Amino acid sequence: MPGSPPFTTRPQLSGTFGMVASTHWLASAAGMAVLEKGGNAFDAAVATGLTLQVVEPHLNGPGGEVPVIGFDAAGGEVFVLDGQGPAPAAATPEAFAALGIDLVPGTGLLAACVPAAFGTWMLLLARHGSMPLREVMRYAIGYARDGYPMLPTASSVIAAVAGTFREHWPTSAETYLAGGVPAPGSRFANRVLADAYSRLLDEAEAAGSDREAQIEAARRAFYAGFVAEAITAYLERAEVMDVTGRRHRGLLSGDDLARWRASAEAPVTFPYHGLTVCKTGPWGQGPVFLQQLALLDGFDLAGMGPGSADFIHVVTECGKLAFADREAWYGDPRHTEIPLAGLLSAGYADERRKLVGQEASAELRPGSPDGVAARLPGYALAGFGGQAALAAGGPGSGEPTMVGSAGQPAGPLPEMGPGDTCHLDVADRFGNLVSATPSGGWLHSSPVIPGLGFCLGTRAQMFTLTPGFASTLAPGRRPRTTLSPSLALRDGEPYLAFGTPGGDQQDQWTLAVFLNHVIFGMNLQEAIDAPAFHTDHFPSSFWPRGSVPRSLSTEARAGESVITELRRRGHEVEVTPPWSLGRVSAIARDGGFLYAGANARGMQGYAAGR
């Protein structure tokens, strides 16, 4: 592991006992407390994730989702938990057409899939953890009941949607506006959520003393018991305002909840510079990280130098090609055949690499793996002359990072400030390593469900309603999520876990950090602190699915000469504040030590360990 640079925003932590890194200091502390009590990395990840649902409610919640990727030392294998709920049985393109809707809305009830987060955490705990349910839930329950310091960003989000809550979503107003908009740093509690979690725990422990029986009882109470009953009762009567400017009923049913269980699968892998990089399948955008590595493998990145104009240009142009493929080909492989082997093949990468020139491309160019011609839905062509351009989204319409400030469509939902999603990484002294990216069900996505204290997610907005695509909406199909945790092996042993919030940017920001570490030898904290960049050239995954061709956002710390050269090459460069892009965290195992780095951006992520 590379040594310390002259200065980093935080130290790269090192130790031998355990490490937790996440997007909130209280969640990292909860995970570390579980490790100190003898729990393993998976126990700690569950405690960390459940705590994030409480202390970052504007970024994730129990009604959202959480893809997980981990290495279990007992079995010596990498596993993926899909953590993404499917579309309801009633969710069809025809159902939306009958409502006069051609894009799944980004807020309200129509975009709700089966809430997968709780069931996925329970599967991780049952299959790979070691501690009783009470020991991992106590921190989330405690913060929900007794309160936690309100983040400035959460306060800003609540202020931005306060009018909507009061006028259209009264149950959310009851939860978040009882005493007015909570001030930054004020003590905020969600006692209704605490009571719901406490009841889940009580019903679990009523099942007996067996740990796995308790976990299954809690899962059953959520998906077929009182939680499902509360969700179903609300959906049967609620008509909710969304970004269309109209009220709509939800499509999710109790049967959808009862039928679903989280599941495990093998990762998709790719060899790169002595590492085996592991990602989720094409039901998430994870393979786009691997496609970028395949393209970049033909360039002398080391000779370009970190943060150089050459480096940023080549990485950006390769990203455009990989994300164009994501739009054309990715989807749920349980329902559609995805040409993943072709997309990741060396021959395909060789051909695609020839498209990278010295100038910024203004085209959206998916490839033809296995000789099959690519197709794109209409929204994907909007910014490239195929259709009229689409406006930016409204509050809650995507992962909050994606909400813009221009072109707000008319309607009852006001503009909202920026935010993120969540991420966590954990390693323990037993050889386990895990990475997870919780998201969805944020407080401004849909109204709070009475008696539960949380709302449903809106991940179905990532489907297209155009027939014939792998990402076309269909009952039981998983939307192609942006959530993308990462894990890398070295010589078959766990080496690196990393990830970030950020929607479509996740596999751009993490790629730069990964390359900083693997190619340029930076330690984890130095790699995280380095100036970040990304492009919005390809279609957004979030309503209204817009694109910004040739766009390139880079932190001001990239330097004037680099920015000038990028503009000369045709990139439409937006210079952002010096510490504004990404919230990557990472944990590594090397030479008998554990290492961790967390992100100073946003002023809330932290790593803990010893």
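Here goes a summary of the coordinates provided.

Take the overall build of the chain next. Assigned secondary structure in the chain consists of 20 helices and 21 strands. A compact globule built from 610 residues should have a C-alpha radius of gyration of about 25 Å, and the chain, at 22 Å, falls within 12% of that. Considered along the principal axes of its C-alpha atoms, the chain spans approximately 60 × 60 × 45 Å. By the burial criterion, 65% of the 610 residues in the chain qualify as buried. Summarising the internal contacts of the chain: among those between residues at least 6 apart in sequence, 72% fall at separations of at least 24. If you sum the accessible surface of the chain, you get close to 19,500 Å²; carbon and sulfur atoms cover 52% of it.

What follows concerns the sheet that holds strand 2 (residues 18-22). If you trace the seven strands from one edge of the open sheet to the other, you get 9-4-3-13-12-2-21, paired in antiparallel fashion. A single partner strand is all that each edge strand has here, and the edge strands are strand 9 (264-265) and strand 21 (606-609). The sheet contact formed by strand 4 (residues 77-81) and strand 9 spans two bridges and is antiparallel. Of the residues in strand 9, the one forming a bridge with Val-80 is Glu-265. Across the face of the sheet, helix 1 (residues 25-36) comes into contact with strand 2, strand 12 (424-428) and strand 21 while running at roughly 160° to strand 2. Here helix 2 (residues 41-55) sits on the sheet and contacts strand 2, strand 3 (68-72), strand 4, strand 12 and strand 13 (433-436); the angle it forms with strand 12, its principal contact strand, is near 155°.

Evaluated as defined, the whole model comprises 34 salt bridges. One salt bridge connects Asp-82 with Arg-334, and the closest N-O pair in it is separated by 3.0 Å. Of the two residues, Asp-82 sits in the loop between strand 4 and helix 3 (93-98) while Arg-334 sits in the loop between helix 15 (309-329) and helix 16 (340-343), which places them 252 residues apart along the sequence. The exposure class assigned to Asp-82 is buried, which follows from its relative accessible area of 1%. For Arg-478, the salt bridge identified is with Glu-265, shortest N-O distance 3.7 Å. Within this pair, whereas Arg-478 is found in the loop between strand 13 and strand 14 (486-490), its partner Glu-265 is found in strand 9, the two being separated by 213 residues in sequence. If you follow the salt bridges from partner to partner, you end up with Asp-82, Glu-265, Asp-332, Arg-334 and Arg-478 in one network.

What follows concerns the side chain of Asp-332. Position of Asp-332 relative to the elements: it lies in the loop between helix 15 and helix 16. Here Asp-332 falls in the buried class, since its relative accessible area comes to 1%. Looking at Asp-332, its side chain comes within polar contact range of the main-chain nitrogen of Arg-334, at 3.0 Å.

A few words now on the environment of Ile-69. Inspection of the secondary structure puts Ile-69 in strand 3. For the pair Ile-69 and Phe-538, spaced 469 residues apart in the sequence, the C-alpha separation amounts to 26 Å. When near neighbours in sequence (up to four residues on either side) are disregarded, Ile-69 contacts Val-78, Phe-79, Val-80, Pro-267, Cys-278, Lys-279, Leu-433, Val-434, Ser-435, Pro-485, Ser-486 and Leu-487.

Moving on to the packing of helix 13 (residues 287-296) against helix 18 (residues 506-518). It is the contact of helix 13 with helix 18, at a shortest axis distance of 10 Å, that shows an interaxial angle of 45°. Accordingly, the angle class assigned to the pair helix 13 and helix 18 is oblique. Considering the relative orientation of helix 13 and helix 18, their crossing is right-handed. Across from Val-288, Phe-289, Gln-292, Leu-293 and Leu-296 in helix 13, the residues of helix 18 making contact are Asp-507, Thr-510, Leu-511, Phe-514 and Leu-515. Tallied by class, residues from the contact of helix 13 with helix 18 come to seven nonpolar, two polar and one charged.

Here the focus is the sheet that holds strand 20 (residues 593-597). Strand order in the open sheet formed by seven strands is 1-20-19-15-14-11-10, and the pairing between neighbours is antiparallel. In this open sheet, the two edge strands, each paired with only one partner strand, are strand 1 (13-15) and strand 10 (268-272). With strand direction ignored, the average angle separating the axes of adjacent strands in the sheet is 20°. Of the strand pairs in this sheet, strand 19 (residues 585-590) and strand 20 are connected by five bridges, and their pairing is antiparallel.

Bringing the pairing of strand 3 into the picture now. By the criterion of burial, strand 3 is predominantly enclosed, with five of the five residues buried. Pairing geometry for strand 3 and strand 4, over five bridges, is antiparallel. Bridged to Ile-69 within strand 4 is Val-80. Linking strand 3 back to strand 4 in an antiparallel pair, the connection comprises four residues, with Gly-76 at a positive phi of about 70°. Here four bridges tie strand 3 to strand 13, and the two strands are oriented antiparallel to one another.

Let us look at the packing of aromatic side chains. Counted according to the given criterion, the structure contains 18 aromatic pairs. A ring pair is formed by Phe-42 and Phe-79, whose centres lie 5.8 Å apart and whose planes are at 55°; its orientation type is tilted. Of this pair, Phe-42 sits in helix 2 while Phe-79 sits in strand 4, and the two are 37 residues apart along the sequence. The burial state of Phe-42 is the same as that of Phe-79; both residues are buried.

To continue, consider the nonpolar core. Counting 92 residues, the largest nonpolar core has Phe-118, Trp-121, Leu-124, Leu-133, Met-137, Ile-231 and Val-426 as the members making the most contacts within it. Among residues more than four places away in sequence, those in contact with Leu-124 are Phe-42, Ala-45, Val-46, Val-68, Phe-79, Leu-81 and Gly-129. Counting residues in each nonpolar core, the second largest holds 54 residues, with Phe-270, Leu-275, Ile-312 and Phe-533 among its members.

Here helix 9 (residues 191-205) is 15 residues long and its end C-alpha atoms lie 21 Å apart, about the 21 Å a rise of 1.5 Å per residue gives. Looking at the buried side of helix 9, the elements it contacts are helix 2, helix 4 (117-128), helix 5 (133-146), helix 10 (211-223) and helix 11 (226-237).

It is worth spelling out the packing of helix 9 against helix 10 at this point. Two elements in contact, helix 9 and helix 10, have axes separated by 7 Å at closest approach and are oriented at 130°. With respect to helix 10, the axis of helix 9 lies oblique. In this structure, the crossing between helix 9 and helix 10 has a hand that is right-handed. Residue-level contacts link Leu-200, Glu-203, Ala-204 and Glu-205 of helix 9 to Gln-214, Ala-217, Ala-218, Ala-221 and Phe-222 of helix 10. Split by residue class, the contact of helix 9 with helix 10 holds six nonpolar, one polar and two charged.

Further remarks concern the pairing of strand 11 (residues 275-279). Among the five residues in strand 11, four count as buried, and that is most of the element. Summarising the sheet, strand 10 and strand 11 pair through five bridges and their orientation is antiparallel. Across the sheet, residue Phe-270 finds its bridge partner in strand 11, namely Val-277. In this antiparallel pair of consecutive strands, strand 10 and strand 11, the connection spans two residues, and His-273 shows a positive phi of 50°.

Calculation criteria
Residues numbered from 1 in each chain as written. Predicted model: local features only at pLDDT ≥ 70, side-chain atom pairs only at ≥ 80, totals over all residues. Heavy atoms only, no water. Helix = DSSP H or I, 4+ residues; strand = E, 2+ residues; numbered from the N terminus. Rg over C-alpha atoms; globule rule 2.2 N^0.38 Å. Buried < 20%, exposed > 50% of the residue type's maximum accessible area, 1.4 Å probe, protein only. Contact = heavy atoms within 4.5 Å. Areas by Shrake-Rupley, 256 points an atom, 1.4 Å probe, with all protein chains shown as cover. Pairing = 2+ DSSP bridges. Axes fitted to C-alpha atoms, helices over the stretch in contact; angles between N-to-C directions. Salt bridge = Lys/Arg side-chain N within 4 Å of Asp/Glu carboxyl O. Polar contact = N/O pair within 3.5 Å; in protein donor to acceptor, adjacent residues only side chain to side chain. Parallel < 35°, antiparallel > 145°, perpendicular 65-115°, else oblique. Left-handed = near helix turned anticlockwise from the far one by under 90°. Nonpolar A, V, L, I, M, F, W, Y, C, P; charged D, E, K, R; others polar. Phe/Tyr/Trp six-rings, centres within 6.5 Å; stacked < 30°, edge-to-face > 60°. Core = buried A, V, L, I, M, F, W, Y, C linked by side-chain atoms within 4.5 Å. Expected span 1.5 Å × (residues − 1).

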